[in-house]
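Next come the chains, spelled out residue by residue.
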Amino acid sequence: MSGSHDHVEDETADLPLTALCWIGLGLATLDAFVQPLPQGLVWAALGLSYLTGGIPPLRTALHEMWHDRRLDIDLLMVVAAIAAASVGAALEGAVLLALFSLSHTLEHRSMGKARRAVEALMQLRPETALLDGPGGVVEVPVANLVPGDRVILRPGARVPVDCRIAEGSGHLDESTVTGESLPVRKAPGDPVHEATVNLDGILTAEVTRGLASSTVAQMIKLVTEAQAQKAPSERFSDWFGQRYTIAVFVGSFLSWFAFRALGHPPSEALYRAATLLVAASPCAVVISVPAAILSALSAAARGGVLFKGGAALEGLAEVRTFAFDKTGTLTTGLASVTSIVALEGEERHFLALAAGLEAQSEHPIAAAIRREAAERGIVPVPVRDARAHPSEGITGQDAEGSVWAGNARMLAAMGAVLPDALAPLADGAETLVLVGRGARVLGGLTVADEPRQTAAEALHGLKAGGRTDILMMTGDRAPDAARIGARLGLQPGEIHAGLMPGDKVKLVDAATQRGKVAFVGDGVNDAAALARADVGVAMGVAGSEVALQAADVALMAEDLRKLAAARALSRRAAGVIRQNLAISIGAMVILVTGSLFFDLPLPLAVLGHEGGTLLVVLNGLRLLVDPIRAKT
């Protein structure tokens, strides 16, 4: 295959040419093996295949020769096809170009991944901000903000740059940066990160960092640097391809002189040299890897797993450590009610009252309470005059009088005391919501993020698949991380809490000392770690666009058990690739030896060449038989 090239190419530009190349090959093959066609049409079909299949690699090869002063396998493929045509094997050359064109196109389609990941991060930034200046509040471009400026953050607004709260208090959704599943209360003096969302209250914040050094800017830098870490394997491919090309050209050229020195006529010497060039052309080698990879990718797609190229497929087979983001990956990412304690009356009536109070709130905790009531078929108690109290809770009126729901601050504001029966809930890792009337507490309920139903089984399956380390990484508080980790069967040393995006990258780097690392995540805050890991895995449907663009693998269904099945498939594919390489290289060695020392006829060289190619294709197709399935 071609190496990585410095010039920029449109990742879809070669698709029409590849299609035309295969159309031409199809017509020529039809004439040769099925139904004779008019010779004019056959020559036109071969010409179409040669032009459309040869122009892109020839253009690349000339660029490499002119700008980088090097030869690569692109030129070899074109010359081998021309040599085949010169000795009467035009169809062989067309097959060579068609197969190479397909692999070339697939390579280009993966080149834009890093660019798309960065563009997705850029879209998180708001374009304008409300600047609180001497002349009042004015809307200005975010790029104009400098440290020391004051901005107004209204409910629902996205934080324009990194700031520090100067006035006001409220809750912010920090899931895009830290992965924190529940809103975080911010008060004067607390930092707020760019791209997080103000949920309630009107806040005044002081800019601490400009756009160029902001949180999202750092994440973009991390993603870009992480993608660059994969360059060494591409450099090795260039190194091998260039030396192989030179060796084949030199060998074919020297063989012509050798045959002439042995007394062969010029035409026969050219025939033998061309046969050697055809025999040495790595058609079977080139297709041996794509044949297995494309079959495995198709099988994976049928099972709901999308690999973004063969490197990810091969890399997953060698992973030693699986690092998981917690929120939205190992957990559902949605707050849910985990326990209810009614101190007065029935639990159903208590939940109906809580749901009635939260009916008008857009807070994620309120949504969790409403969902719990709906799932139980409970109709919320009508509450009027509902009023939100930022960072405390909500108050209102029902048929019996004043009622409230909130946290410990609301409890204190009402002059109430936490009942002993609710003390264990207050000391736990989950968020406690209290409901009361005046100074009387009616009960409480806890809200937390819950593990996915398949998460524990998925982790067990990965460990059962061989020597595997598991890590859980999260920006959540340590108590909540420990609670989730315990339910998933993780040990304390496998749990890492309170992390920022850069911290996750550092942990991934540390894990690479023991072997290849796969990072599994779903959020914007996971993008850098997804890109830095040897294999990044995104929760497809539930994941953010940024995570999908930065990752190498996407689980299109929210079923982590398919990750273990995907690794099993990747290991089978790695075995088939090794078999194919052994077959193709072995066949090439035999053909080259025969053309040099045993006067191998060109038809036999073509037959052996095509037979080896067909064999590796059929071997690769075995992977299509059994698409991956999660064990249920």
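Note that the coordinates shown come from a computational prediction; the quantities given were computed from them, not determined experimentally.

It is at 7 Å that the axes of helix H10 (residues 310–317) and helix H21 (residues 561–597) come closest, and there the two elements cross at 105 degrees. As the angle between them shows, H10 and H21 are arranged roughly perpendicular. Each of Leu313, Glu314, Leu316 and Ala317 in H10 lies in contact with H21, whose residues at this interface are Ala566, Arg567, Ser570, Arg571, Ala573, Ala574 and Ile577. In the contact of H10 with H21, the residues fall into 7 nonpolar, 1 polar and 3 charged.

The phi angle of most residues is negative, glycine excepted, and most peptide bonds adopt the trans form. Unlike most non-glycine residues, Ala195 shows phi in positive territory, near 80 degrees. What makes Ala195 buried here is its relative accessible area of 0%. For Asp385, which is not glycine, the phi dihedral falls at a positive 55 degrees. Along the chain, Asp385 turns up in strand E13 (residues 384–389). The exposure class of Asp385 is exposed, given its relative accessible area of 59%.

Another aspect to go through is the pattern of salt bridges. Tallying each qualifying case throughout the model produces 17 salt bridges. Put simply, Glu167 and Arg150 hold a salt bridge, and the shortest N to O gap is 3.2 Å. With a gap of 17 residues between them, Glu167 in strand E4 (residues 163–167) and Arg150 in strand E3 (residues 150–153) connect regions that are remote in the sequence. The class for Glu167 is partly exposed, based on a relative accessible area of 44%. On the basis of relative accessible area, Arg150 is assigned to the partly exposed category, the value being 32%. When the shortest N-O distance is used, the salt bridge between Asp509 and Arg532 registers 3.5 Å. Of this pair, Asp509 sits in helix H18 (residues 501–511) while Arg532 sits in helix H19 (residues 527–532); the two residues are 23 residues apart in sequence, bridging distant segments of the chain. Here Asp509 falls in the partly exposed class, since its relative accessible area comes to 29%. When salt bridges with common partners are traced through the structure, they connect Glu430, Glu450, Arg483 and Arg487 into a single cluster.

Another aspect to go through is the sheet that holds strand E2 (residues 136–141). With antiparallel pairing, 6 strands are arranged side by side in an open sheet as E2-E1-E3-E9-E4-E7. Each edge of the open sheet is held by one strand with a lone partner, namely E2 and strand E7 (191–192). In this sheet, strand E9 (residues 203–207) lies alongside E3 in antiparallel orientation, the contact comprising 4 bridges. Residue Leu153 lies in a different strand from E9, and its bridge partner there is Leu203.

Summed over all chains, the structure comprises 2 aromatic pairs. For the pair Phe253 and Phe257, a centre-to-centre distance of 4.8 Å together with 75 degrees between the ring planes defines the contact as edge-to-face. With Phe253 and Phe257 both in helix H7 (residues 231–261) and 4 residues apart, this pair spans about one turn of that helix. Summarising the aromatic geometry, the rings of Trp256 and Phe257 are spaced 5.2 Å apart at their centres and angled 85 degrees between planes, so their arrangement reads as edge-to-face. When its relative accessible area of 28% is taken as the criterion, Trp256 is described as partly exposed.

Let us now look at a nonpolar patch on the surface. Side chains of Leu20, Ile23, Leu27, Leu30, Phe33, Val34 and Leu41 sit close together on the surface and give an oily, nonpolar patch of about 630 Å² of accessible area. Broken down by element, the nonpolar patch gets its largest block of residues, 5 residues, from helix H1 (residues 15–33). In this fold, Ile23 is placed in helix H1.

With that settled, consider the sheet that holds strand E8 (residues 197–198). Taking strand neighbours across the sheet as the criterion, the 3 strands line up as E6-E5-E8 in an open arrangement whose pairing is antiparallel. Because the sheet does not close on itself, it has two edges, and the strands there are strand E6 (184–186) and E8.

To continue, consider the confidence of the model for the chain. Model confidence for the chain is summarised by a mean pLDDT of 79, while 81% of its residues fall at 70 or above. The low-confidence segment residues 110–114, where pLDDT is below 50, has 8 contacts with residues more than four positions distant or belonging to other chains.

Sheet topology places E13 next to strand E14 (residues 393–398); 4 bridges connect them, and they run antiparallel. The residue of E14 that forms the bridge with Arg384 is Gln397. In this antiparallel pair of consecutive strands, E13 and E14, the connection spans 3 residues, and Ser391 shows a positive phi of 70 degrees. As paired strands, E14 and strand E15 (residues 401–406) are joined by 6 bridges and run antiparallel to one another. Across the sheet, residue Gln397 finds its bridge partner in E15, namely Ser402. The turn joining E14 and E15, which pair antiparallel and follow one another in sequence, is formed by 2 residues.

Conventions and cut-offs
Residues numbered from 1 in each chain as written. Predicted model: local features only at pLDDT ≥ 70, side-chain atom pairs only at ≥ 80, totals over all residues. Heavy atoms only, no water. Axes fitted to C-alpha atoms, helices over the stretch in contact; angles between N-to-C directions. Helix = DSSP H or I, 4+ residues; strand = E, 2+ residues; numbered from the N terminus. Parallel < 35°, antiparallel > 145°, perpendicular 65-115°, else oblique. Contact = heavy atoms within 4.5 Å. Nonpolar A, V, L, I, M, F, W, Y, C, P; charged D, E, K, R; others polar. Buried < 20%, exposed > 50% of the residue type's maximum accessible area, 1.4 Å probe, protein only. Salt bridge = Lys/Arg side-chain N within 4 Å of Asp/Glu carboxyl O. Pairing = 2+ DSSP bridges. Phe/Tyr/Trp six-rings, centres within 6.5 Å; stacked < 30°, edge-to-face > 60°. Patch = residues over 30% accessible without salt bridge, like charges linked within 9 Å, V, L, I, M, F, W, Y side chains within 5 Å. Areas by Shrake-Rupley, 256 points an atom, 1.4 Å probe, with all protein chains shown as cover. pLDDT = per-residue confidence, 0-100.

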